[in-house]
Each structure stands twice: as structure tokens, then as C-alpha cells.
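In case you want the letters, here they are:
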Amino acid sequence: MDQLGAIVAVLLSLCLLASSVHGSTTKVTYCDKKADYDVKVSGVDIIPYPVERGKPATFRIPATSGKTVTAGKIEIDVSYFGVHIHSETRDLCEESSCPISAGDFVISHTQVLPGFTPPGSYTLRMRILDENKHQLTCISFQFSIGFGSESDVASI
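Residues numbered from 1 in each chain as written. Predicted model: local features only at pLDDT ≥ 70, side-chain atom pairs only at ≥ 80, totals over all residues. Heavy atoms only, no water.

- Under an unreviewed UniProt entry, the protein has the name MD-2-related lipid-recognition domain-containing protein and belongs to Kalanchoe fedtschenkoi.
- Within the UniProt record for the protein, the comment given under Function (unreviewed entry) is "Catalyzes the intermembrane transfer of phosphatidylglycerol and phosphatidylinositol."
- The heading Sequence similarities (unreviewed entry) in the UniProt record of the protein holds the text "Belongs to the NPC2 family." (UniProt positions renumbered as here; feature names shortened; annotations may be inferred.)

Take a look at the structure:
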């Protein structure tokens, strides 16, 4: 039985390692649950997960648009344990190919978080606005920043 337990522990560890290297699909919540947004988001793929400080992290957001979008902005607000810590606005066409036809599309953004970013749980709120500043969607989701990589530990 001890060998079986050891094998199960190794397999579980490998599964957890694979999910952290490859990423995770995170559930999104709409800001207004009663709104009928023109853009529907199915989730957020975060690679790697948890996010590592000082290393690239990709946020890939598959969505569906009910109409053609020729231009727009993405407004992002980030909170750390409920405290607002960061805001930025991005050009929608730099994060996805414009024009966006009605149907499926993907917003993808890669960013390196500074090495001094505290580990823990974060909440990101994202609004997509069209060229007329009409809100197409508003979502929020949580993500985690890990305690660092082995190289961080080795340098301490």
C-alpha cells in the first residue's frame, strides 16, 4: 500500500506541475449580471498559472461579439486584496485584430510583472468600449501571483 500511495502522490504532483506550467482557465463574472453585453466572454486563459513575478504572463480572453467592432479601448483596473493598485487603458486593436467581425475573437495580452510585485490574490476588472465609448462588456476575474521561482529562492 505504501508504494501505491507514493505513486498516487507522484502522479498528483505531476498533474499540478503541468497545470501550473501550461496555465489555467479562469472563470469570469460580469460586472452587471442583468446587462445584455454585445461582447460575451467565456473565460480567461492565464499562462503560466499562478503568474510568476518578473516573468512574462499571457492573459488570453476568448470572446464572441454580436456586432462588428472597428476600434475601441480596453480599460483595466487591478485590486490586491480589495485595494485598488493599478489602472491602464489599452487600444483594443493592439490586443486583437481589428476590425473585429461579429462572431468569435480573442484578446491576448502578455505582460511582465515587476519582480517586487507582492504574491497573493488579485482581482482584475476589464471594460471594453467601442470607438463611440459604448460599453461592449465588463468582466472581472481573480488570479494569483506565486511566491517566485527557484531562481528567486537561489538568489536569496
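1. So, the sheet that holds strand 6 (residues 72-80)
And then number 1: Here we have 5 strands laid out as an open sheet, ordered 2-10-9-6-7, and antiparallel in their pairing. The outermost strands of the open sheet, each flanked by one partner alone, are strand 2 (29-30) and strand 7 (83-91).
And then number 2: Bridge count for strand 2 against strand 10 (residues 135-145) is 2 bridges, and the pairing is antiparallel. In the sheet register, Tyr30 faces strand 10, and the bridge partner there is Ile139. (Pairing = 2+ DSSP bridges. Helix = DSSP H or I, 4+ residues; strand = E, 2+ residues; numbered from the N terminus.)

2. Regarding the pattern of salt bridges
And then number 1: Summed over all chains, the structure comprises 8 salt bridges.
And then number 2: Between Asp45 and Arg60 there is a salt bridge, with its nearest N and O atoms 3.1 Å apart. Within this pair, whereas Asp45 is found in strand 4 (residues 44-47), its partner Arg60 is found in strand 5 (residues 56-65), the two being separated by 15 residues in sequence.
And then number 3: For Asp130, the salt bridge goes to Lys67, with nearest N and O atoms at 3.2 Å. Linking Asp130 in strand 9 (residues 120-130) with Lys67 in the loop between strand 5 and strand 6, this pair joins segments that are 63 residues apart in sequence. (Salt bridge = Lys/Arg side-chain N within 4 Å of Asp/Glu carboxyl O.)

3. Points about the environment of Asp45
And then number 1: For Asp45, a relative accessible area of 17% translates into the label buried.
And then number 2: Each C-alpha atom of the pair Asp45 and Thr26 lies 6.2 Å from the other, and the pair is 19 residues apart in sequence.
And then number 3: A distance of 2.6 Å separates polar atoms of two side chains, one belonging to Asp45 and the other to Thr25. (Buried < 20%, exposed > 50% of the residue type's maximum accessible area, 1.4 Å probe, protein only. Polar contact = N/O pair within 3.5 Å; in protein donor to acceptor, adjacent residues only side chain to side chain.)

4. A short note on the state of the cysteines
And then number 1: Tallied over the full model, the rule gives 2 disulfides.
And then number 2: Between the sulfur atoms of Cys31 and its disulfide partner Cys138 the distance amounts to 2.0 Å. Around the S-S axis, the bridge from Cys31 to Cys138 shows a dihedral of about -65 degrees and counts as left-handed. Residue Cys31 is located in the loop between strand 2 and strand 3 (39-41), and its partner Cys138 is located in strand 10; the two are separated by 107 residues in the primary sequence.
And then number 3: A sulfur-sulfur distance of 2.0 Å marks the disulfide that ties Cys93 to Cys98. Taking the sign of the S-S torsion, about -90 degrees here, the bridge from Cys93 to Cys98 comes out left-handed.
And then number 4: Here the disulfide map of the protein reads 1-4, 2-3, the bonded cysteines being numbered as they appear in the sequence. (Disulfide = S-S within 2.5 Å.)

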